[in-house]
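Analysis of the macromolecular model
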Amino acid sequence: MAATGPGARGGDGPGGAHGRPPDPDLPPSPARGESAGPDGEFRRGLEETLRRYTDRRCEEAGGLDGLFRARLAADVTRFALHGGKRTRAAFLWWGWRAAGGRPGDGDEATALRFAGALELLQTCALVHDDLMDDSALRRGRPALHVDLARRHRREGMLGSPEAYGASMATLVGDLALAWADDMFAEALPEGPAGQRVQEPWRAMRTEMVAGQFLDLHTQAEGGFSAPTALRVACLKSALYSAERPLQLGAALRGASPALVGVLRLAGRRAGLAFQLRDDLLGVFGDPRRTGKPVGDDVREGKNTYLVALALARAEALGDAGARAVLRESLGDRTLTPQRLARFRDVLTALGARAAVERRIERLSALALHGLHQVCDDPAVHRGLTALVRAAAGTEPP
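Residues numbered from 1 in each chain as written. Predicted model: local features only at pLDDT ≥ 70, side-chain atom pairs only at ≥ 80, totals over all residues. Heavy atoms only, no water.

Let us now look at the environment of G116. If you trace the backbone, G116 turns up in helix α4 (residues 108–133). Taking the C-alpha atoms as reference points, G116 and Y53, separated by 63 residues in sequence, lie 8.6 Å from one another. Setting aside residues up to four positions removed in sequence, G116 forms contacts with L46, L50 and M183. (Helix = DSSP H or I, 4+ residues; strand = E, 2+ residues; numbered from the N terminus. Contact = heavy atoms within 4.5 Å.)

Take helix α2 (residues 66–81) next. Two residues of an α-helix separated by three or four positions point the same way, owing to the 3.6 residues in each turn. Taking 1.5 Å of rise per residue, the 16 residues of α2 would be expected to cover 22 Å, and the 21 Å separating its terminal C-alpha atoms lies within 8% of that figure. The element α2 is extensively covered by neighbouring structure, given that 13 of its 16 residues are classed as buried. (Expected span 1.5 Å × (residues − 1). Buried < 20%, exposed > 50% of the residue type's maximum accessible area, 1.4 Å probe, protein only.)

Where helix α6 (residues 161–187) contacts helix α7 (residues 192–221), the axes come no closer than 12 Å and their chain directions differ by 170 degrees. If you check the angle between α6 and α7, you find them roughly antiparallel. Judged by residue contacts, A180, D181 and F184 of α6 engage V197, Q198, W201 and R205 from α7. (Axes fitted to C-alpha atoms, helices over the stretch in contact; angles between N-to-C directions. Parallel < 35°, antiparallel > 145°, perpendicular 65-115°, else oblique.)

With that settled, consider the packing of aromatic side chains. Scanning all chains against the criterion turns up 4 aromatic pairs. Between F42 and W93, the ring centres sit 5.1 Å apart and the planes meet at 25 degrees, which makes this aromatic pair stacked. Of the two residues, F42 is situated in helix α1 (residues 38–64) and W93 in helix α3 (residues 87–98); the sequence distance between them amounts to 51 residues. Residue F42 is classed as buried on the basis of its relative accessible area, which comes to 5%. Plain terms: the ring middles of F184 and W201 are 4.4 Å apart, the flat faces sit at 5 degrees to each other, and that makes the pair stacked. Separated by 17 residues along the polypeptide, F184 in helix α6 and W201 in helix α7 bring together distant segments of the chain. This pair shows no difference in class: F184 is buried, exactly as W201 is. Connected via pairs of aromatic rings, a cluster forms that spans F42, W93 and W96. (Phe/Tyr/Trp six-rings, centres within 6.5 Å; stacked < 30°, edge-to-face > 60°.)

Moving on, we come to the packing of helix α15 (residues 352–374) against helix α16 (residues 378–392). In helix packing, the relevant descriptors are the interaxial angle and the interaxial distance, both defined with respect to the helix axes. At a minimum axis separation of 10 Å, α15 and α16 run at an interaxial angle of 165 degrees. In terms of orientation, α15 lies roughly antiparallel with respect to α16. The crossing of α15 and α16 is right-handed. Residues I360, S364, A367, L368, L371 and H372 of α15 pack against H381, L384, T385, V388, R389 and A392 of α16. Considered class by class, the residues forming the contact of α15 with α16 number 7 nonpolar, 4 polar and 1 charged. (Left-handed = near helix turned anticlockwise from the far one by under 90°. Nonpolar A, V, L, I, M, F, W, Y, C, P; charged D, E, K, R; others polar.)

Between its first and last C-alpha, α4 extends 37 Å over 26 residues, near the 38 Å set by a 1.5 Å rise per residue. At the exit of α4 stands D134, carrying a positive phi of roughly 55 degrees.

Phi at R86 takes a positive value of approximately 60 degrees, unusual for a residue other than glycine. With respect to the helices and strands, the residue R86 is situated in the loop between α2 and α3. On the basis of relative accessibility, which here comes to 2%, the residue R86 falls in the buried class. Positive phi outside glycine occurs at D134, with the angle close to 55 degrees. Topologically, D134 is positioned in the loop between α4 and β1 (137–138).

The next point concerns the nonpolar core. Among the nonpolar cores identified, the biggest contains 70 residues, and F42, F91, L120, W179, W201 and L384 are the most heavily contacted of them. The dominant element in this core, judged by the number of residues it contributes, is α4, at 12 residues. Counting 40 residues, the second-largest nonpolar core is a separate cluster that includes A238, V307, V325 and L347. (Core = buried A, V, L, I, M, F, W, Y, C linked by side-chain atoms within 4.5 Å.)

Overall, the coordinates contain 32 salt bridges when judged by the stated rule. Across the pair D75 and R151 runs a salt bridge whose closest N-O atoms are separated by 4.0 Å. With D75 in helix α2 and R151 in helix α5 (residues 144–154), this pair connects stretches of sequence that are 76 residues apart. The same class applies to D75 and to R151, which are both buried. D105 is paired through a salt bridge with R253; the nearest N and O atoms lie 3.1 Å apart. Note that D105 is positioned in the loop between α3 and α4 and R253 in helix α8 (residues 226–253), a separation of 148 residues in sequence. One network of salt bridges, in which partners are shared, links D129, D133, D215, K236, E300 and K302. (Salt bridge = Lys/Arg side-chain N within 4 Å of Asp/Glu carboxyl O.)

Structure representation (structure tokens):
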């Protein structure tokens, strides 16, 4: 979760453009050589839109209290501007493009503001998710609640560093959510377009919370069910990460119900592939590349589709040894790297890893087939194809 907390890289300085030192981890500006082309143009527009908005909100925060600006508002800004892959914003952009939007059109600025609001919503989701999962890393750096606890210790504050970090991270997520809603509301167009986009925005926020609730609840219950895992993945990721962003972009442009329906179905498939890939990386990934710890889902005993499928196969085969390795590892916070390696070997031997890979490939292919049916513009076709493949982690044929 959190990118750098305030303790790292001048966290006590102002969060706005004035007084904020250049950040080497932020995406490069055009002057620093960002690639040209549609993706580069979108990325530049999004980053600039987010920078301007968060600068303004930090200035407003300073009017309330200087420390509030220098700490909490700056934390939100720093996290949002370290934006990761911008997957959700990109799906919104290409949904807008698929419905006929073109750079330079009158509603381009609105599309970029909506994309920025999605990134602020994602800031809230990641900060709170890392806190609830007690994750130590996000994007290769300490998770925000961890970094804030370190600040507490470094500055010799009173009370529990962990409680301070958790409480402040909660507030960072809350403020990011407030800014996301404000940014969306400020960009909302008048008339039918404004009415069209409000429904998916409202639905998406509730779906995201429902998915997180089911994720935590099923983990606490200790059950492992493939259908339930897919239901959680659909609510927590497929809808939020791809389907609703595509719908938002297309609705802004006034797409027909038929086009919106095709985009939503393709987005749901692509988003589910995205979550299944994330589940695989959570067990088999390289933290140096993913920026997140490996094995946390196992130690937390999460009901992922990968794990549920492996347990079902072990039961069907009557493989008591494999079942024991899986059961003894899941939910064990003290799981060692050696035992995690054994857990991975069992997943592979049972064919669960290969089965998930095949499902990802199938979902990606179906998503691309649907999108290709409605994309006449070669640039939109290429953009959506690249985005789906990147989200699903699949290679071009």
